[in-house]
Amino acid sequence: MTFPGEQDVKNYLKLDSTLPASFDPNKTDMAYYIKRYNTKLEYYINRIDNLMLSGDKILDAGCGSGAWSIALSQRYKSVVARDLSQDGLDVFNAVKSLMGINNIQTDRGDLEKLPYDDNSFDDIFCYSVIMYCNVPDVLSEFFRVLKPSGRVYLCLNNDGYYHYLINERGKREKDQEEYGKKTLYNTYIKRFMQNQDIEIKANISQYCGRQWLATLDEDLKLHSKNEPISVSGYDTRAYSFAEMEDLAVHAGFTDFKAQTEGMLITNEQGIKLEPLYHGYYNDTVTVWECLFKKS
C-alpha cells in the first residue's frame, strides 16, 4: 500500500495544479497538507513500530492531513482522527477514499475539550500540535479519554526550533522570523512567571531582539497587578523535556521517556530511521518526542 501522488489528490479535490507552497503558521494552505504525503507510508509505519504502538483504538489528536493516521490504521483496528483544519481534513478524506481505507473516523474540533467518553482509547498520538494548545487542558482530556495503562505519544518543539526560524528560515520568510520571536517571548515570560530566577531580560534581548524589552517592561507591570499581559491569549510556546514531564506528571501520567524527533525507540528490533527534523540547532533541542502512560 502506498500514498497517492500529489496530482492524484489535487485531481480528486478538483484543485488547481499550480497551488502555492507557502506556509503561514496561522493559516496553513492546501498545498502544505498535500505535501505531507511525499514521505513514504512505509516510513511512518516503521516509526510507529519503533514505538511499539498497536491495539484496538487510537486517537490521532491533531491529525492534519492524516499521513500518520493512515499509518496508524495499519496497526490499530480503529483510528479516530481529529483536527481543527477543514483544509487538512478535506485532503485526508480524499486520500482515504483514493486508498480505500475504511477504519478511520475523521472529526473536526480542538483538543482542549474532546467529545469522547472516558476510557475510550488504547493510545493517543499527537504529532506537532500540542505546543499550539493549552497544554494542561489537553493533557487532562487525554488522561480522561485514555484507558488505564494506555500511552500518549507527543512530538513538539523546544527553543531551538524557534531559534532556527528566527536566524535561518526567517532570512527568507519574514513572517517566520516574527512568529519565532513572538513564540520565544511567550515562552520566556511564561517561564519567568513560574520561576523568577531566570534571566528573562537577557534571553529576550538575545533571542527576540531589544525591541521586545519595552513590551516586557509593560507586561511585568501588568503581571504585578494581576492583569492580563500582552500574550495572555497566545498559547503557542516552546517546551523543554523537563517542562513537559512536569505537566504530564501533574496530569496523572507516569513513565515519561523523551528523545529528539525520530530517535525514541522502545522496540529492540526497531529500525533506525532518518528523523523528519534535525534534533538540534546550535546545540539546542529543536523538535523532540516523548511517551508516557496512564497509570
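Cut-offs used in this document
- Residues numbered from 1 in each chain as written.
- Predicted model: local features only at pLDDT ≥ 70, side-chain atom pairs only at ≥ 80, totals over all residues.
- Heavy atoms only, no water.
- Salt bridge = Lys/Arg side-chain N within 4 Å of Asp/Glu carboxyl O.
- Helix = DSSP H or I, 4+ residues; strand = E, 2+ residues; numbered from the N terminus.
- Buried < 20%, exposed > 50% of the residue type's maximum accessible area, 1.4 Å probe, protein only.
- Disulfide = S-S within 2.5 Å.
- 1 Å grid on protein atoms, 1.4 Å probe; cavity = no way out; pocket = protein on both sides within 12 Å on 5 of 7 lines; lining within 4 Å.
- Points joined across faces, edges and corners; volume = space filled by probe spheres on them.
- Nonpolar A, V, L, I, M, F, W, Y, C, P; charged D, E, K, R; others polar.
- Pairing = 2+ DSSP bridges.
- Right-handed = clockwise from strand over helix to strand, strands pointing away.

*Asks:* I tried to follow the pattern of salt bridges on my own but got confused; where do I start?
*Replies:* Note that side chains of opposite charge can pair when their charged atoms are close. In the structure shown here, the tally under the stated rule is 18 salt bridges. Where Asp56 meets Lys77, a salt bridge forms, and the shortest distance between an N and an O atom there is 3.4 Å. Here Asp56 is found in strand S3 (residues 55-61), whereas its partner Lys77 is found in strand S4 (residues 76-83), with 21 residues between them in sequence. Judged by relative accessible area, which is 65%, Lys77 ranks as exposed. A salt bridge links Arg82 to Asp107; the shortest N-O distance between them is 2.6 Å. Here Arg82 is found in strand S4, whereas its partner Asp107 is found in strand S5 (residues 104-108), with 25 residues between them in sequence. Judged by its relative accessible area of 17%, Asp107 is buried. Residues participating in the shared-partner salt-bridge network are Asp159, Arg191, Arg237 and Glu243.

*Asks:* Would you mind showing me how to read the state of the cysteines here?
*Replies:* Chemically, a disulfide is nothing more than a covalent bond linking the sulfur atoms of two cysteines. Counted according to the given criterion, the structure contains zero disulfides. Looking at Cys126, it has no disulfide partner, and the nearest cysteine sulfur is the one in Cys133, 6.6 Å off.

*Asks:* Would you take a moment to explain the layout of surface pockets for this structure?
*Replies:* One way to see where empty space is left: roll a probe the size of a water molecule over the atoms. Space inside the second largest pocket adds up to approximately 310 Å³. Taken together, 13 residues make up the lining of the second largest pocket; nearest its centre are Pro136, Gln194, Arg237, Tyr239 and Leu247. Looking at the lining of the second largest pocket, the elements that each hand over two or more residues are helix H6 (135-145), helix H8 (174-194) and helix H11 (241-251). Looking at the lining of the second largest pocket element by element, the count peaks at three residues for H11. For the lining of the second largest pocket, the class distribution of residues is five nonpolar, three polar and five charged.

*Asks:* Any chance you could explain the pairing of S4 here in plain terms?
*Replies:* Consecutive side chains of a regular strand alternate in pointing toward one face of the sheet and then the other. For S4, the tally of buried residues reaches six of eight residues, placing the bulk of the element in the interior. Strand direction decides the pairing type here: S3 and S4, joined by six bridges, are parallel. Bridge pairing links Gly55 to Tyr76 in S4. In the classification by handedness, the crossover that spans S3, the intervening helix H4 (residues 67-72) and the parallel S4 is right-handed. As paired elements, S4 and S5 share five bridges and run parallel to each other. For Val79, the partnering residue across the bridge sits in S5 and is Ile104. A crossover connection joins S4 to the parallel S5 through helix H5 (residues 86-99); in handedness this β-α-β unit is right-handed.

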